[in-house]
Amino acid sequence: MSSENPSQNVESAAQSFDVPLDAAGQRLDAVAAKLFSDYSRGRLQSWITAGYLSVDGQSRRTRDKLIGGERLELKLPADESGNSWEDTWANGAAHIVAEPMEIDIVHTDEQFYIVNKSADCVMHPAPGNRTGTLMNGLLHLEPELRQVPRAGIVHRLDKDTTGLCVVARTLKAHANLVQQLQARTVSREYLAVAIGDIPDDGTVDEPIGRHPGDRKKMAVVERGKPARTHYRVIERFRGCALLAVKLETGRTHQIRVHMAHLGHPLLGDAVYGRRNQQNSVPFKLGALMTAFTRQALHARQLGIQHPDDNRYCVYKAEPPEDMQALIAHMEEDLGLQE
């Protein structure tokens with residue numbers, strides 16, 4: 001792949017966000033720092049002053065208060081775009097070490113990779129966890145990804161959730177894919193095993209935010225961000241069911257939080273369901289149950305519009321061996337009871 005200058009494709013890199021209603025009364029620069037989280041607050045303040053970051057198409061002052069619902073749009077001229085990449089790789093990200101690692105690539109072309117992420121794989125480095133992540137491996141696979149925000153990672157899967165994610169290889173693809181996520185046109189379907197006698201199908205439309213009593217967890221909270229999850233039962237077992245789950249939004253831990261909110265946490269979820277697990281599953285999974293220590297969640301299908309020509313592309317990945325074995329064991333258990 002040829003290297004692409006960060007100052008190119010400026011219009012395609014334009015980003016926009018709607019101001020949450022609960023941000024009413026907050027300063028423009030403070031809200032912008034939360035929404036455009038790739039960039040520092042200082043950089044955003046300079047862009048607001050210069051008119052590059054607008055509110056409903058109009059220039060505003062950094063200290064102006066917002067009422068909620070406005071559209072913030074960031075359009076950078078060519079001479080500023082290079083600075084944006086510096087902010088993107090702030091806090092040491094520009095010095096992330098490229099590391100060889102096995103990456104299961106389902107599809108590749110000039111614009112993006114489709115990666116089938118394994119369990120126990122963190123998407124990108126964080127304080128105290130700077131190595132061994134998917135981003136480290138991507139930078140070894142393709143050093144040019146340093147020119148793309150977050151090395152091309154446009155959406156995340158939890159550490160122990162397996163399955164498909166898309167990685168942009170160019171600035172054009174990154175801007176396009178981020179826009180698709182914002183417009184909610186990306187189709188994401190998961191396989192999940194939920195505990196309990198869950199209804200045949202349904203939709204959970206409940207806001208998600210930080211747990212009021214545990215900042216490391218998420219929860220359904222009144223002032224959270226809008227979140228919608230659709231599910232349907234594929235197969236029933238004793239005490240649990242295999243689900244197909246589709247996301248309309250992509251909040252942190254969304255499926256896990258929504259299913260736990262319904263009273264049907266995912267099997268193996270130590271954060272949102274462990275206390276209910278042993279008493280809710282009437283059959284004995286034996287050694288397999290003990291060994292399956294992650295949430296039973298797999299991103300099995302991903303649908304996106306190709307950045308080149310907008311054609312709709314669908315990619316699929318079968319669940320990993322541990323989840324296949326879990327399902328097979330539950331099917332066997334069900335058969336013994338018939």
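Residues numbered from 1 in each chain as written. Predicted model: local features only at pLDDT ≥ 70, side-chain atom pairs only at ≥ 80, totals over all residues. Heavy atoms only, no water.

A. Main features of the overall build of the protein chain. On a plain count of helices and strands, the protein chain comes out with nine helices and 14 strands. Put simply, the protein chain has 338 residues, and 47% of those count as buried. Taking the contacts inside the protein chain whose residues are at least 6 apart along the sequence as the reference set, 67% of them involve residues at least 24 apart. (Helix = DSSP H or I, 4+ residues; strand = E, 2+ residues; numbered from the N terminus. Buried < 20%, exposed > 50% of the residue type's maximum accessible area, 1.4 Å probe, protein only. Contact = heavy atoms within 4.5 Å.)

B. Structural detail: the packing of helix 1 (residues 28-35) against helix 2 (residues 41-50). Relative orientation of the contacting elements helix 1 and helix 2 amounts to 125°, with a least axis distance of 9 Å. Considering their axes alone, helix 1 and helix 2 lie oblique with respect to each other. Where helix 1 crosses over helix 2, the two elements pack in a sense that is right-handed. On helix 2, the residues that touch L28, D29, A30, A32 and A33 of helix 1 are R41, L44, Q45 and I48. (Axes fitted to C-alpha atoms, helices over the stretch in contact; angles between N-to-C directions. Parallel < 35°, antiparallel > 145°, perpendicular 65-115°, else oblique. Left-handed = near helix turned anticlockwise from the far one by under 90°.)

C. Looking closely at the sheet that holds strand 1 (residues 15-18). Within the open sheet, the three strands sit side by side as 1-3-2. Their pairing is antiparallel. Only two strands of the sheet have a single neighbouring strand rather than two, namely strand 1 and strand 2 (53-55). For this sheet, the mean angle separating the axes of adjacent strands, direction not counted, is 15°. For strand 1 and strand 3 (residues 71-74), the ladder comprises four bridges, and the chain directions are antiparallel. Bridging from a neighbouring strand, D18 pairs with R71 of strand 3. (Pairing = 2+ DSSP bridges.)

D. Spotlight on the nonpolar core. Y190, L243 and I255 are the most contacted members of the largest nonpolar core, which has 33 residues in total. At the level of secondary structure, the elements contributing two or more residues to this core comprise strand 5 (112-117), helix 4 (134-141), strand 6 (162-168), strand 7 (187-195), strand 11 (228-236), strand 12 (240-247), helix 6 (254-261) and strand 13 (297-305). When near neighbours in sequence (up to four residues on either side) are disregarded, L243 contacts Y190, L191, A192, A194, I198, R232, V233, I234 and M259. Counting residues in each nonpolar core, the second largest holds 17 residues, with L28, L44, L53 and L76 among its members. (Core = buried A, V, L, I, M, F, W, Y, C linked by side-chain atoms within 4.5 Å.)

E. Region of the structure containing the packing of aromatic side chains. Inspection of every chain in the model, using the stated rule, returns two aromatic pairs. Seen in terms of ring centroids, F17 and F36 are 4.9 Å apart; in terms of plane orientation they differ by 90°. Their pairing is edge-to-face. Of the two residues, F17 sits in strand 1 while F36 sits in the loop between helix 1 and helix 2, which places them 19 residues apart along the sequence. Ring centres of F112 and Y315 lie 6.2 Å apart, and the angle between their planes is 80°; on these two criteria the pair is classed as edge-to-face. In this pair, F112 is assigned in strand 5 and Y315 in strand 14 (residues 312-316), connecting sequence segments 203 residues apart. Exposure class is identical for F112 and Y315. Each is buried. (Phe/Tyr/Trp six-rings, centres within 6.5 Å; stacked < 30°, edge-to-face > 60°.)

F. Molecular detail of unusual backbone geometry. The backbone of D56 sits at a positive phi, close to 50°, despite the residue not being glycine. With respect to the element layout, D56 can be found in the loop between strand 2 and strand 3. Positive phi values are uncommon outside glycine, yet R150 reaches one of about 55°.

G. Here's a closer look at the environment of F112. Residue classification places F112 among the buried residues on the basis of a relative accessible area of 0%. Considered as a pair, F112 and I153 are 41 residues apart in the sequence and their alpha carbons are 9.9 Å apart. If we ignore the near neighbours within four places in the chain, the residues touching F112 are H107, V166, V167, A168, R169, L177, I304, H306, P307 and Y315.

H. The environment of Q179, seen in detail. Among the structural elements, Q179 can be located in helix 5 (residues 171-183). Sequence separation between Q179 and V154 is 25 residues; the distance between their C-alpha atoms is 10.0 Å.

I. Representation of empty space enclosed by the protein in the model. Per the counting criterion, the structure on display carries two cavities of 30 Å³ or more. Taken together, H155, L164, R188, E189, Y190, A299, Q301 and L302 form the lining of the second largest cavity. Elements represented by at least two residues in the lining of the second largest cavity include exactly strand 7 and strand 13. Counted by class, the lining of the second largest cavity contains four nonpolar, two polar and two charged residues. (1 Å grid on protein atoms, 1.4 Å probe; cavity = no way out; pocket = protein on both sides within 12 Å on 5 of 7 lines; lining within 4 Å. Points joined across faces, edges and corners; volume = space filled by probe spheres on them. Nonpolar A, V, L, I, M, F, W, Y, C, P; charged D, E, K, R; others polar.)

J. Geometry of the pairing of strand 4 (residues 105-108). Note: strand 4 against strand 5, three bridges, orientation antiparallel. Residue pairing for strand 5: T108 is matched across the bridge by Y113. Counting the residues that bridge the hairpin from strand 4 to strand 5 gives three residues.

Don't take any of this as a statement about function, it's just geometry.
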